[in-house]
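# Descriptive structure summary
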Amino acid sequence: MEIIQYGDKKITYKIQKKKIKNLYIQIKNGEVIVKAPNKMKEKNIQEIVQKKAKWLKETLEKEQQKPKEEPITPQKLENLKSTVQMAIKKYANYLKVYPNKIRIKDIKYAWGSCSSNRNITINAKLANKSKEAIEYVVLHELCHLKEMNHSTKFWNLVEYCMSDYKIYRKELR
Ligand SMILES: [Zn+2]
């Protein structure tokens, strides 16, 4: 572990020598990893890292401020499953839409998705959200079985089924 100083802040970093041409710096889970070419001297590495000190300090601070993701316990996942089931029952009958498959999966970029072959995927991370927010996501995806877009017609349909959906949608930002 190496250390550089920036103002009153000490920044520690780990060097990984690699068969690469240029040095690059990575921040992962609050840890600074410097990937450096095999032949580069420690002194040169330190010089480069020192030049990036301001950026490192700011980036590390920003990362600390980010709220940590809560772990999803098996119990929470069970609750999510039953809430999803319940919401499907409630809204599928109401809308007269019938999804093909419903999956709960850890997905990255959305809370839910709906494919053209009527498969609905619900993000497992919803396990940490309120029951109402989960219901909203299920409803949102079910509405896509009728409207495959985010048109006014789509949002009217969502609102028709859940008049206060905007509150729960906010929770998911
Ligand atoms: Zn959508």
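Residues numbered from 1 in each chain as written. Predicted model: local features only at pLDDT ≥ 70, side-chain atom pairs only at ≥ 80, totals over all residues.

## Describing the overall build of the chain
The condition is simple: Each helix is a run of DSSP H or I of at least 4 residues and each strand a run of E of at least 2, with the numbering of both proceeding from the N terminus. The globule rule is 2.2 Å times the number of residues to the power 0.38, and the radius of gyration it is compared with is taken over C-alpha atoms. Exposure criterion: with C-beta atoms placed from backbone coordinates, a residue whose C-beta has 20 or more other C-beta atoms within 10 Å is buried, one with 12 or fewer is exposed, and one in between is partly exposed. Note on contacts: residues are paired as contacts if their backbone-placed C-beta atoms lie within 7 Å.
Looking only at helices and strands, the chain features six helices and seven strands. Compactness check: the chain gives a C-alpha radius of gyration of 24 Å against a globular reference of 16 Å for 173 residues, more than 25% above the reference. Overall, the C-alpha framework of the chain stretches about 70 × 35 × 35 Å when taken along its three principal axes. Of all 173 residues assigned to the chain, the portion counted as buried reaches 20%. For the chain, the share of sequence-separated contacts (at least 6 apart) that also reach a separation of at least 24 residues comes to 46%.

## Comments concerning the nonpolar core
How we decide: Residues of type Ala, Val, Leu, Ile, Met, Phe, Trp, Tyr and Cys that are buried and joined through C-beta atoms within 7 Å form what is called a nonpolar core.
In this structure, Val84, Ala87, Leu126, Ile134, Val137, Val138 and Leu139 are the most contacted members of the largest nonpolar core, which totals 21 residues. Looking at this core, the elements that each hand over two or more residues are α3 (74–95), β7 (119–123) and α4 (131–144). Residue contributions to this core peak at eight residues, all from α4. With near-sequence residues (within four places) excluded, Leu126 lies in contact with Leu80, Trp111, Ala133, Ile134 and Val137. Membership of the second largest hydrophobic core comes to seven residues, among which are Tyr13, Ile45, Val49 and Leu56.

## Some points on the sheet that holds strand β4 (residues 31–37)
Spelled out, the test is: Note on pairing: two strands pair once DSSP finds at least 2 bridges between them. Every axis corresponds to a line fitted to the C-alpha atoms, with the helix fit spanning only the stretch in contact, and the corresponding angles, defined between N-to-C directions, vary from 0 to 180 degrees.
Taken together, four strands build an open sheet; the order of strands is β1-β2-β4-β3 and the sheet is mixed. For this open sheet the edge positions go to β1 (2–6) and β3 (24–28), each flanked by a neighbour on one side alone. If you compare each strand with its neighbour and ignore which way they point, the axes differ by 35° on average. Note: β3 against β4, five bridges, orientation antiparallel. Residue pairing across strands places Lys28 opposite Glu31, the latter belonging to β4. Here helix α1 (residues 42–51) sits on the sheet and contacts β1, β2 (9–18), β3 and β4; the angle it forms with β1, its principal contact strand, is near 35°.

## Overview of the packing of α4 against helix α5 (residues 152–161)
Counted only if it meets this: Should an angle fall under 35 degrees it is taken as roughly parallel, and over 145 as roughly antiparallel, whereas 65 to 115 is taken as roughly perpendicular and any remaining angle as oblique. In this scheme, a crossing is called left-handed if the near helix is turned counterclockwise away from the far one by less than a right angle; it is called right-handed if the turn is clockwise. Here the nonpolar group is Ala, Val, Leu, Ile, Met, Phe, Trp, Tyr, Cys and Pro; Asp, Glu, Lys and Arg are the charged ones; every other residue, Gly included, is treated as polar.
Where α4 contacts α5, the axes come no closer than 10 Å and their chain directions differ by 135°. Considered as vectors, α4 and α5 are oriented oblique to each other. Note on packing geometry: the crossing formed by α4 with α5 is right-handed. Residues Leu139, His140 and Cys143 of α4 form the contact with α5, whose participating residues are Phe154, Leu157, Val158 and Cys161. Broken down by class, the residue content of the contact of α4 with α5 amounts to six nonpolar, one polar and no charged.

## Observations concerning helix α2 (residues 53–65)
We count it as follows: To estimate the expected span of a helix, count its residues, drop one, and scale the result by 1.5 Å.
The terminal C-alpha atoms of α2, which comprises 13 residues, lie 18 Å apart, in line with the 18 Å expected from a rise of 1.5 Å per residue. In terms of residue burial, α2 counts as a barely covered element, since only one of its 13 residues are buried.

## So, the domain arrangement of the chain
You'll often see interface size given as the accessible area lost when the parts meet. Formally: What fixes the domain bounds is an automatic or database domain assignment.
With domains assigned, the chain is organised as domain 1 (2–65) and domain 2 (74–171). Centre-to-centre, using C-alpha coordinates, domain 1 lies 43 Å away from domain 2.

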